[in-house]
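# Survey of secondary and tertiary structure
Here are the chains, one letter per residue:
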Amino acid sequence: MSATWDTLFINVHLATMADGYGEIRDGAIAVRDGRIAWLGPRAELPAGALESVRAVHDGGGCWLTPGLIDCHTHIVHAGNRSDEFEARLNGATYEDIARAGGGIMSTVRATRAATEDELLAQSLPRVASLLAEGVTTIEIKSGYGLDLETEAKMLRVARRVGRELPVSVATTFLGAHALPPEFAGRPEHYIAEVCAMLDTLAEQGLADAVDAFCERIGFSAEQTERVFVAAQRHGLPVKLHAEQLSDQGGAQLVARYGGLSADHLEHLSADGIAAMARAGTVAVLLPGAYYFLRETVQPPVAALRAAGVPMALATDCNPGTSPMTSLLLTMNMGCTLWRLTPQEALAGCTIHAARALGRAHDIGSLAVGKRADFALWRIARPADLSYAIGFNPCVGVVNAGQWRAPAI
């Protein structure tokens, strides 16, 4: 047999995520040109494989899963908002803080003031924390600029993150995140400005998708739809912050536009669930924000499950409502707070997270032809990943076929 594989991993248990965990005990997986070339039980390896492959890694009986995917982050930003955290604990609500000029606008001011290099320097450590836990793909939103110059700066920094660190980055334009002070009282004019920004950002190739905050303190369904129409004009997929604080019909809206995902969803209605099920729109659940804001209304997990809506999990890493850089903790929260099963939690950070980014054809599960992104874990069974709190069992990560230690 000729040396047609670059790398072969043996003595591993595979969680392919193709059907449930998709377990293959005592398995092997081969990589060629950054793609998965073969996988299956080690006993079924082709004759001569061990002698002809260029490099062999013995996994020491560890579990190997797809690389984890954080499909909803605001991880590129400047500053923090620990003062608002303290204010909420002293009785202020998120909406009180936002209406007083804090909230998102606090981060907007800091992000506008930061240079591109400063913004990158503040963001890289947050990303590195995720990568140490087996993350190989992250989504990064803009939305803390609210003007063309800063939105473009954020998206350029997001692209740079993918060049500086071994991670694949999907960028999302979130210009319709909040109403900037220079447009106070003129939301319709600002939405027109967001659509104009999108023309420029799409031309520059900085955005892979478009998002909006459809909420009482954000933008109405009608205003959000104008942004979706502009995105559609540029062939960009849409997603939506929907039904986090109230039911604004955002889930039905994003489903009508064939959206990749509706995110948060604590106040999701039965009509919204039905619309998402018909459209194949992924429900991205964000337990970090629920926990941090001390919310009490839970997303309708049982109803989503019954309707067959795929559920992803993400950190929602942001300075105001979810300053979290652990996808493993996110999985635990999804299970303990909302009764997801450990299998659902892992699927939510792999195969369903890939669907939420429109990349399930390439990542999120272990299958021949897919990108060779996977993580190696010293665990007894896959459920351990959502069981332990504050413990990281990742012993190695492969990005597009390239091995790296988990610590960056």
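For clarity, every value in this text was computed on a predicted model and none was experimentally measured.

This brings us to the UniProt feature "binding site: Fe(3+)" (unreviewed entry) in the chain. Mapped onto the present numbering, the UniProt feature "binding site: Fe(3+)" (unreviewed entry) falls on H72, H74, H241 and D316. A maximum C-alpha distance of 12.2 Å places the annotated residues, which cover 245 residues in sequence, within one compact spot. For H74, the position within the fold is in the loop between β5 (68–70) and α2 (82–89). Overall, the relative accessible area of 2% leaves D316 in the buried class. Apart from the residues lying within four places of it in its own chain, the contact partners of D316 are D70, H72, T73, H74, H264, L286, A289, T321 and S322.

This part takes up empty space enclosed by the protein. Across all of its chains, the model carries two cavities of 30 Å³ or more by this definition. Along the walls of the second largest cavity sit P66, G67, I69, T136, I363, G364, S365, R371 and D373, which together make up its complete lining. Its residues assigned to classes, the lining of the second largest cavity shows three nonpolar, four polar and two charged.

Take T350: it is sitting in the loop between α14 (342–348) and α15 (351–356). Among all residues touching T350, those that are not within four sequence positions of it are M17, P66, G67, L68, I69 and G364.

The UniProt feature table records "binding site: 4-imidazolone-5-propanoate" (unreviewed entry) at R81, Y144, H177, Q244 and T321. Among the annotated residues just listed, those that line the largest pocket are H177. Residue R81 is classed as buried on the basis of its relative accessible area, which comes to 3%. Examined against the element boundaries, Y144 turns out to sit in the loop between β6 (135–141) and α6 (148–164).

Looking now at the environment of L285. The topology assignment puts L285 in strand β11 (residues 282–285). By relative accessible area, which is 0% here, L285 ends up buried. Residues L285 and H264 lie 21 residues apart in sequence; the distance between their C-alpha atoms is 5.2 Å.

Along its sequence, the chain is organised into domain 1 (5–66 + 365–404) and domain 2 (68–357). Of note, the centres of domain 1 and domain 2, computed from C-alpha atoms alone, are 31 Å apart. Each partner contributes residues to the interface: domain 1 has 25 residues there, and domain 2 has 23 residues. Where domain 1 abuts domain 2, roughly 1700 Å² becomes buried across the two surfaces, and 63% of that area is made up of carbon and sulfur atoms. In this structure, the connection of domain 1 to domain 2 is made through zero salt bridges. The interface formed by domain 1 and domain 2 holds nine residue pairs in polar contact (both at pLDDT 80 or more) in total. When contributions to the side of domain 1 that touches domain 2 are tallied by element, the ones reaching two or more residues are β4 (55–66), β13 (374–377), α16 (384–387) and β14 (394–399).

On to the pairing of strand β2 (residues 23–32). Bridge count between strand β1 (residues 7–15) and β2: six bridges; the pairing is antiparallel. The residue bridging V12 from the neighbouring strand is G27, located in β2. Sheet topology note: the β2/strand β3 (residues 35–41) ladder contains six bridges and is antiparallel. Looking at β3, one finds that V31 is bridged to I36. Two successive antiparallel strands, β2 and β3, enclose a turn made up of two residues, where D33 displays a positive phi of approximately 55°.

Procedures and definitions
- Residues numbered from 1 in each chain as written.
- Predicted model: local features only at pLDDT ≥ 70, side-chain atom pairs only at ≥ 80, totals over all residues.
- Heavy atoms only, no water.
- UniProt positions renumbered as here; feature names shortened; annotations may be inferred.
- Helix = DSSP H or I, 4+ residues; strand = E, 2+ residues; numbered from the N terminus.
- Buried < 20%, exposed > 50% of the residue type's maximum accessible area, 1.4 Å probe, protein only.
- Contact = heavy atoms within 4.5 Å.
- 1 Å grid on protein atoms, 1.4 Å probe; cavity = no way out; pocket = protein on both sides within 12 Å on 5 of 7 lines; lining within 4 Å.
- Points joined across faces, edges and corners; volume = space filled by probe spheres on them.
- Nonpolar A, V, L, I, M, F, W, Y, C, P; charged D, E, K, R; others polar.
- Domains from an automatic or database assignment.
- Buried area = accessible area lost by both parts, 1.4 Å probe.
- Salt bridge = Lys/Arg side-chain N within 4 Å of Asp/Glu carboxyl O.
- Polar contact = N/O pair within 3.5 Å; in protein donor to acceptor, adjacent residues only side chain to side chain.
- Pairing = 2+ DSSP bridges.

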